[in-house]
Amino acid sequence: MRTSPLNIPEFAVLGHPNEGKSSVVSTLAEDDQIRVSPVPGETTVSRTYTVEIDKKKIIRFVDTPGFQAPRQTLAWFRAQGDSEKILEHFIATFHDDPFFADECELMAPVARGAGIIYVVNGARPVRDDDIAEMEILRLTGRPRMAIINSKQMDKDYTREWKLEFRKYFNSIRVFNSNTADFKERIRMLESLKSIDQEWEDSLSKVILAFKGEWKKRNRLACAYITLALEKSLGFSVSERLSLTSDPVRARERLNLSFQKGVRGIEQEMFTQIKSLFKHNLYDYPLPDYSLLQHDLFAKQTWELLGLTQKQLAAAGAVLGGTMGLVMDTAAGGLTFGVFTAIGGLLGAGSAIWSGKKIAQKTGQTLQLGGDRLQVGPNENLQFLYVLMDRALIYYAHMMNRAHGRRDLTSLGSDPKAGNSKMGISAALSPGQRNICTRFFKSVSGKRIIKGKKAIPEFAVLVESLLEKIANQEI
Ligand SMILES: Nc1nc2c(ncn2[C@@H]2O[C@H](COP(=O)(O)OP(=O)(O)OP(=O)(O)O)[C@@H](O)[C@H]2O)c(=O)[nH]1
Ligand SMILES: [Mg+2]
């Protein structure tokens, strides 16, 4: 078997200019830094992208420039007759000839043993140049597969391409570089196995490694989500009071900083998930209908999640920025009189606690030396479901997003993009809801559950939901 210098399977992605070769490599190698452009001729030199899993190199894909002179190249190939070293011979003959510069560049990886993945845009008809390219590839005698990467959905010449491909290739697949998800990539690798029996074993290992990596990512995503929820639900901010403090202002400040804090925790978790799925370069806009387009504390976010009127009313204090304050009179309530005299200003749900009670409630150590106002932890269970739904929707976007996709327009009505208007949590069973409630009570400081069983129990639930999303079962 001929493999790359690292003794791992290697495939060169070849084709006409601008058909989507770099996009295909980008998606297969999960590398969003590869240059993709609407202008033909973007790729001028062959470049190898190695996929590493657990720091081990497992497969390589080579991005190449498009054919520039297929008919002249074919004429030369035909004139040689059958020759095992035809590629080496071609490169040796034309390496200094600018006319065949791109042909030499794209053939080099194949000459050193790479298998061929030939890419065409299935949204256009087959032309003579394509037939010449396919014939050249046939004459190389190398294992080869053809893929149809349709750049527009409204035009479809797939049938025509397939008819031609059958004459020249060992395997054919429709593979869309802009929409292919993890499962599609696995199916692609399975097909590659069939183009040369000698690759079966090494590609089976690659597939196993990919599947293992996927499981690992799901586990990590679950850990990031659970931890972020735990932090957000236990989050609170407080402010020391003086006799001159303005309670209205203090409440506004605290609410803003509470919201900022929770948004920050959510954003950090989003960033972790994004880089887990190797989306480094772009800040992809999310679809208009996505919950994530709206601020976490916007009423619309909560409405879109399908909260009932009653639940919305209960959540009103959180959304309206009038979430109850807790007043801590640890230092003897010096400011207490001022605040009660103003009366009502603390808002619904406010409470006055002795320092001891707050400490029990939040599990936090109190700073002594003055009265304090505190906002949070949020006592509304719906808050958990809103945070959880947003996390799951974000995960669905990131895990489904193909790395070859470069348009910055929204994902439209992509059915795989986690576009459900109702949050996933709305469909939880009563048993699953119980797990959520126990988790909520445990992390928001409402009840200390022995052994903290509630957190791992919740993590298991999140992981099962992530798996369902990945398998498109929800
Ligand atoms: N809508 C859509 N556009 C695609 C798809 N694949 C590629 N494109 C677009 O087509 C253009 C060319 O894609 P590239 O991947 O750069 O094509 P290439 O074959 O590498 O081109 P050269 O390097 O110039 O030979 C870019 O604007 C891509 O975003 C696809 O599956 N769907
Ligand atoms: Mg390119």
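Thresholds applied
Residues numbered from 1 in each chain as written. Chains lettered and ligands numbered in written order. Predicted model: local features only at pLDDT ≥ 70, side-chain atom pairs only at ≥ 80, totals over all residues. Heavy atoms only, no water. Helix = DSSP H or I, 4+ residues; strand = E, 2+ residues; numbered from the N terminus. Contact = heavy atoms within 4.5 Å. Pairing = 2+ DSSP bridges. Axes fitted to C-alpha atoms, helices over the stretch in contact; angles between N-to-C directions. Salt bridge = Lys/Arg side-chain N within 4 Å of Asp/Glu carboxyl O. Buried < 20%, exposed > 50% of the residue type's maximum accessible area, 1.4 Å probe, protein only. 1 Å grid on protein atoms, 1.4 Å probe; cavity = no way out; pocket = protein on both sides within 12 Å on 5 of 7 lines; lining within 4 Å. Points joined across faces, edges and corners; volume = space filled by probe spheres on them. Domains from an automatic or database assignment. Parallel < 35°, antiparallel > 145°, perpendicular 65-115°, else oblique. Left-handed = near helix turned anticlockwise from the far one by under 90°. pLDDT = per-residue confidence, 0-100. Donors = N, O, S within 2.8 Å, 3.2 Å for Na, K, Ca; no water. Arc of directions from axis to C-beta. Near = heavy atom within 4 Å. Polar contact = N/O pair within 3.5 Å; in protein donor to acceptor, adjacent residues only side chain to side chain. Areas by Shrake-Rupley, 256 points an atom, 1.4 Å probe, with all protein chains shown as cover. Sits in = over half its atoms within 2 Å of the grid points. Nonpolar A, V, L, I, M, F, W, Y, C, P; charged D, E, K, R; others polar.

Regarding the environment of G115
Working step 1: Locating G115 in the fold gives a position in strand β4 (residues 115–120).
Working step 2: Linking G115 and D196, residues 81 residues apart in sequence, is a C-alpha distance of 8.8 Å.
Working step 3: Filtering out sequence-adjacent residues up to four positions away, G115 remains in contact with E10, F11, A12, P143 and W199.

Details of the sheet that holds strand β6 (residues 171–174)
Working step 1: Taken in spatial order, the six strands of this open sheet run β2-β3-β1-β4-β5-β6, and their pairing is mixed. The open sheet has two edge strands, β2 (47–53) and β6, and neither has a second partner. Each strand axis lies, on average, 25° off the axis of its neighbour in the sheet, ignoring direction.
Working step 2: Packing of helix α6 (residues 158–168) onto the sheet brings it into contact with β4, β5 (144–148) and β6, and relative to β5 it is tilted by some 175°.
Working step 3: Those strands touched by helix α7 (residues 182–193) are β1 (10–15), β3 (56–63), β4, β5 and β6, and its axis lies near 170° from that of β6.

Side note on the pattern of salt bridges
Working step 1: Applying the stated rule across the entire model yields 21 salt bridges.
Working step 2: Its salt-bridge partner being K216, residue D54 comes within 2.7 Å of it at the nearest N-O pair. Residue D54 is located in the loop between β2 and β3, and its partner K216 is located in helix α8 (residues 200–233); the two are separated by 162 residues in the primary sequence.
Working step 3: The class for D54 is exposed, based on a relative accessible area of 56%.
Working step 4: One salt bridge connects E239 with R253, and the closest N-O pair in it is separated by 2.6 Å. Here the residue E239 occupies a position in strand β7 (residues 237–240), and R253 occupies one in helix α9 (residues 247–276), the gap between them amounting to 14 residues.
Working step 5: What makes E239 buried here is its relative accessible area of 18%.

What to know about the layout of surface pockets
Working step 1: Taken as a whole, the largest pocket spans an internal volume of roughly 630 Å³.
Working step 2: Lining the largest pocket we find 34 residues, and of these G20, S23, V36, S37 and K151 sit closest to its centre.
Working step 3: In terms of residue count, the dominant contributor to the lining of the largest pocket is helix α1 (residues 21–28) (three residues).
Working step 4: Each of domain 1 (10–195) and domain 2 (217–470) gives at least three residues to the lining of the largest pocket.

Points about the packing of α8 against helix α14 (residues 381–400)
Working step 1: Orientation of α8 relative to α14, taken along the N-to-C sense of each, is 150°, at an axis distance of 10 Å. Here α8 is positioned roughly antiparallel relative to α14, judged by the angle of their axes. For α8 against α14, the interelement crossing comes out right-handed. Taking contact as the criterion, the partners of W214, N218, A221, I225, L229, S232 and L233 in α8 are, on α14, F383, L384, L387, M388, A391, Y395 and M399.

A look at the pairing of β3
Working step 1: Counted residue by residue, β3 has six buried out of eight residues, so it is predominantly covered.
Working step 2: As paired strands, β1 and β3 are joined by four bridges and run parallel to one another. Each residue of the ladder has a partner; that of E10, found in β3, is R60.
Working step 3: Bridge analysis of β2 against β3 gives seven bridges, and the strand direction is antiparallel. Each bridged residue has a counterpart across the sheet, and for E52 the counterpart in β3 is K57.
Working step 4: Taking the residues between adjacent antiparallel strands as the criterion, β2 and β3 are bridged by two residues, where D54 takes a positive phi near 50°.

Side note on the confidence of the model for the chain
Working step 1: Of the residues in the chain, 78% reach a pLDDT of 70 or more, and the chain-wide mean stands at 83.
Working step 2: Across residues 410–421, confidence stays below pLDDT 50; counting only partners more than four residues off in sequence or on other chains, it has 29 contacts.

Quick look at the coordination of the magnesium ion (ligand 2)
Working step 1: The coordination sphere of the magnesium ion (ligand 2), as far as protein atoms go, consists of S22 (OG) and T43 (OG1), spread over 2.0 to 2.1 Å. Taken together, the residues span a long stretch of sequence, with S22 in helix α1 and T43 in the loop between α1 and β2 at a distance of 21 residues. Here S22 and T43 have matching classes, each one buried.

A look at α6
Working step 1: Those residues of α6 that fall on the buried side of the exposure criterion are T158, W161, E164, F165 and Y168. The arc that holds the buried residues of α6, viewed along the axis, is 130°, so those residues lie on one side. Seen from the open side of α6, the exposed residues pointing more than 90 degrees away from its buried face are R159, R166 and K167.
Working step 2: Where α6 is buried, its residues contact β4, α5 (128–140), β5 and β6.

Quick notes on the site of ligand 1
Working step 1: What surrounds ligand 1 is a group of 22 residues, the closest being K21, S22, S23, G41 and T43.
Working step 2: Note that an oxygen atom of ligand 1 is positioned 3.1 Å from one of the backbone N or O atoms of E19.
Working step 3: Here an oxygen atom of ligand 1 and a side-chain polar atom of K21 are 2.7 Å apart.
Working step 4: Here ligand 1, which alone exposes 650 Å², has 87% of that area covered by the protein.
Working step 5: Applying the majority rule of atoms within 2 Å of the grid points places ligand 1 in the largest pocket.
Working step 6: Class assignment for the residues of the shell around ligand 1 results in five nonpolar, 13 polar and four charged.

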